[in-house]
Amino acid sequence: MIISFEGIDGSGKSTQAKKLMARLSPTTDEILYVREPGGTDVSERVRSLLLDPALHIFPFAEMLLFSAARSQLVEEKIKPVHSRGGIVICDRFFDSTVAYQGGGRGVAESGWLEAFQRTVTAGVWPDRTYLVDVSVTVATDRLTARLGDNASPDRMEQAGASFFERVRQTYLDLAARDKGRYCVIDGSKSEDEVEAAIWSDLQTLLP
Ligand code: ADP
Ligand code: TYD
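Residues numbered from 1 in each chain as written. Chains lettered and ligands numbered in written order. Predicted model: local features only at pLDDT ≥ 70, side-chain atom pairs only at ≥ 80, totals over all residues. Heavy atoms only, no water.

Moving on, we come to the site of ligand 2. Around ligand 2 sit 16 residues, and of these Asp9, Lys13, Arg92, Thr97 and Gln101 come closest. Note that an oxygen atom of ligand 2 is positioned 2.9 Å from one of the side-chain N or O atoms of Lys13. Between ligand 2 and Gln101 there is a distance of 2.8 Å, counted from a nitrogen atom to a side-chain nitrogen or oxygen. Counting only elements with at least two residues in the shell around ligand 2, the list comes to helix 1 (13–24), helix 2 (41–51), helix 3 (59–83) and helix 4 (94–104). Among the elements that line the shell around ligand 2, the one with the most residues is helix 4, at 4 residues. Looking at the shell around ligand 2, its residues break down into 5 nonpolar, 4 polar and 7 charged. (Near = heavy atom within 4 Å. Polar contact = N/O pair within 3.5 Å; in protein donor to acceptor, adjacent residues only side chain to side chain. Helix = DSSP H or I, 4+ residues; strand = E, 2+ residues; numbered from the N terminus. Nonpolar A, V, L, I, M, F, W, Y, C, P; charged D, E, K, R; others polar.)

Let's shift gears to the packing of aromatic side chains. Under the counting rule described, the total for this entry stands at 9 aromatic pairs. Centroid distance Phe163 to Phe164: 5.1 Å. Interplanar angle 90 degrees. Geometry classified as edge-to-face. By relative accessible area, Phe163 is classed as buried at 4%. Through pairs of rings, three or more aromatic residues link up here, namely Tyr100, Phe163, Phe164 and Tyr171. The aromatic ring of Trp199 is capped on one face by Arg23, whose charged end is 4.2 Å from the ring centroid. Between the NZ or CZ atom of Arg118 and the centre of the ring of Trp125, over which it lies, the distance is 3.6 Å. (Phe/Tyr/Trp six-rings, centres within 6.5 Å; stacked < 30°, edge-to-face > 60°. Buried < 20%, exposed > 50% of the residue type's maximum accessible area, 1.4 Å probe, protein only. Lys NZ or Arg CZ within 6 Å of the ring centre and 35° of its normal.)

Have a look at this one:
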């Protein structure tokens, strides 16, 4: 089973992906947590390129780099666990590319990008995707609190509020189009309330 978490930066999705990992681990024979971009030596190197504020990366090249990191992660880490029947928790997966590079940057329309991602992931697809949805204001406040005074934003976090509004809207459109896979969670609630909502939904899927 593959469970992915999506949302704009600062939505709280990594917090929830890790909570779910901790909750499922004791009762699951094989479980893997991966966060994108990254998760393999190759993908972590690509990640450092993608987040480096000193680099100017053109939007289509950016899309290909995120996809390259993902392809490596799928082949090296996700596929083996998935094919043995294990659970994979993905802290971001290909929907991030559709939302950020498609909706945010406008590199291509969603249908084309989704079809391309089928090739990138070799057809490996989540059984459930939790969209942790918050307003851009809430997300920005959380990120500011997390960054503190001394840290500077990474290359992606430097995009303005209107970029993140487009990303959020693209996620909501994707979720509306694919209600069977997507579950939209109100991420503005407390960490415990968000966790309970995800856990309650997951009961319908777990064996
Ligand atoms: P993301 O992975 O979506 O960027 P994180 O899980 O890293 O977000 O959370 C961003 C910040 O917000 C962190 O400092 C985290 O502790 C905090 N946070 C996460 N979930 C909540 C919540 N439900 N309410 C308030 N703060 C939260
Ligand atoms: P990260 O620090 O992991 O952010 P977060 O904690 O919010 O997940 O940085 C990943 C950044 O890359 C984030 O801004 C989202 C962006 N991203 C894309 O633009 N496209 C993608 O396909 C992926 C996986 C991430």
